[in-house]
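# Remarks on the overall topology
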Amino acid sequence: MKQVLIAAAVAMTFAPAWAADQTYNVDVVVVGAGAGGTVAAVSAVEGGLKTLMLEKNAFAGGAGNFMEGSFAAESFMQKEKGVKLTKIQAFNEMAAYHHWRINAPLVKAFVDLSGDTIQWVYDHGVHWKEVKTAWRDKADLTWHIYPSAGSLPKAMVETFKAKGGTLLLSTPAEKLIYKDGKVEGVVAKNAKGDTITVNAKNVILATGGYNFNVDMVKKLTGIDMIPVGAPGRTGDGIKMAMDVGAIGDNMGPMMINGAFMPAEGEAIREFSTEGKGYPNPCGNFIQRHQAATQLDALLKANEAKGNVFIGNTIEEVAKKAGMDPATLKASADMMTKFAKQGRDDQFGKDKYYLRAVSEGPFYVVRGKLNTLTSLNGVKVNADLQVLDKNDHVIQGLYAIGHDAGGVYGDSYDLKVGEGTASAFAINSGRMAVRKILADK
């Protein structure tokens, strides 16, 4: 009897660890709770699909927490403003910008749905602030501004939960369940180390690309860049898809945010932190006429770190930075001349941006490229179904947003379609679920 009690006690000691592993059986599992993932999840539950959403971070929203605005053509807001840009015109402008190095059917389908999605988002409680453009010389208003940062994923998560969806935070997916040529779910781990098995008829990868995978970025671009924005976007979805036969589609282009001083306290402020910096809706720039109250202190502090060089003359600062004084002086003199005459004789720069470089002190700041996101992922068709090297559909697997490839040529099309990254994320989420429902 004593041995039986001891055995029972041992079993009770280890039972909680065994019981912690969980299994879910659903119609759809969405991997990633960013902008695209949350829109896909809401679309799925509203379509009557039992849906579970996994999120690597301890909070939902991902890069969707940084979105200022999204692109669309022929939205109700544009029609109210008298914008004449048509969907076919917008598509052709994008295609031409990317030299047709895109998945044209995919981009066309995205643009065609974009106006409807503006209404869909509005109907789900995210009431757009305005439609505008960030460019002084652009006539068409295509940038639909969110009421506040993070408003879209917040509203989507609330709707998803209210309609019976299950969201698991701090639960990164680790691998796809792949049987007989078909994806049938995903295996994840929660913060406690428990194994979460999700058996699903359809898997939607929405992990946000690979911006924070520094080694992957350097391998694909040849450049050592600093990632900014929402953490966790390390190529998880792309790698899992490739493990079951997916291939990349023009991977390598990045949304480059400019060169910034590679030191703590620069203009960028990370989401959900209270570090130094100048917060803006997107968290990226100190804007013209905005007071840079921390700049002097940051420059002095980083002079000691070798990130900044300061001199009373151009020649002095050039020597400190290891540059040729005569060359830098000639460049500064030429810029000053152009500014005074209001005309750039070398490159024809808009006189609005001409500035004299003639009064000290002078600063040379060491810059390093910052990136907001990667731009292309695995190859998909116009329905966001993932394809293998033979262009065959990998059954049960979809990739949306920055996990999907074929949307960009070699750079972000900011001036052609402001907000295409966030717009493609939310539209592709709807597009993937439409295909799932159509095949149901």
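These notes cover the structure that comes with them. (Residues numbered from 1 in each chain as written. Predicted model: local features only at pLDDT ≥ 70, side-chain atom pairs only at ≥ 80, totals over all residues. Heavy atoms only, no water.)

Take the overall build of the protein next. The helix and strand tally for the protein stands at 12 helices and 16 strands. Burial status across the protein gives 50% buried among its 440 residues. A fraction of 68% describes how many contacts in the protein between residues 6 or more apart in sequence connect residues 24 or more apart. Entry remark: accessible area of the protein is about 20900 Å², with carbon and sulfur atoms responsible for 54%. (Helix = DSSP H or I, 4+ residues; strand = E, 2+ residues; numbered from the N terminus. Buried < 20%, exposed > 50% of the residue type's maximum accessible area, 1.4 Å probe, protein only. Contact = heavy atoms within 4.5 Å. Areas by Shrake-Rupley, 256 points an atom, 1.4 Å probe, with all protein chains shown as cover.)

Next up on the list: the environment of D410. Residue position: D410 is located in the loop between β16 (393-399) and α12 (420-438). It is 9.2 Å that separates the C-alpha atoms of D410 and M251, two residues lying 159 residues apart in sequence. Those residues within four positions of D410 in sequence are excluded, and the remaining contacts are H98, R101 and P253. In terms of polar contacts, D410 uses its side chain to reach the side chain of S411, at 3.3 Å. (Polar contact = N/O pair within 3.5 Å; in protein donor to acceptor, adjacent residues only side chain to side chain.)

Attention shifts here to the environment of T23. On the secondary structure map, T23 appears in strand β1 (residues 22-31). You can call T23 exposed: its relative accessible area is 53%. Residues in contact with T23, not counting those within four places in the same chain, are T197 and N199.

The next point concerns the side chain of K138. With respect to the secondary-structure elements, K138 resides in the loop between β4 (130-132) and β5 (143-145). By relative accessible area, K138 is classed as buried at 17%. A polar contact is formed between the side chain of K138 and the backbone oxygen of K415, at a distance of 3.4 Å. Among the polar contacts listed, one links the side chain of K138 to the side chain of E418, at a separation of 2.9 Å. If near-sequence neighbours (up to four positions away) are discounted, K138 is found in contact with T133, K415, V416 and E418.

Take it as geometry only, folks, not as evidence of what the structure does.
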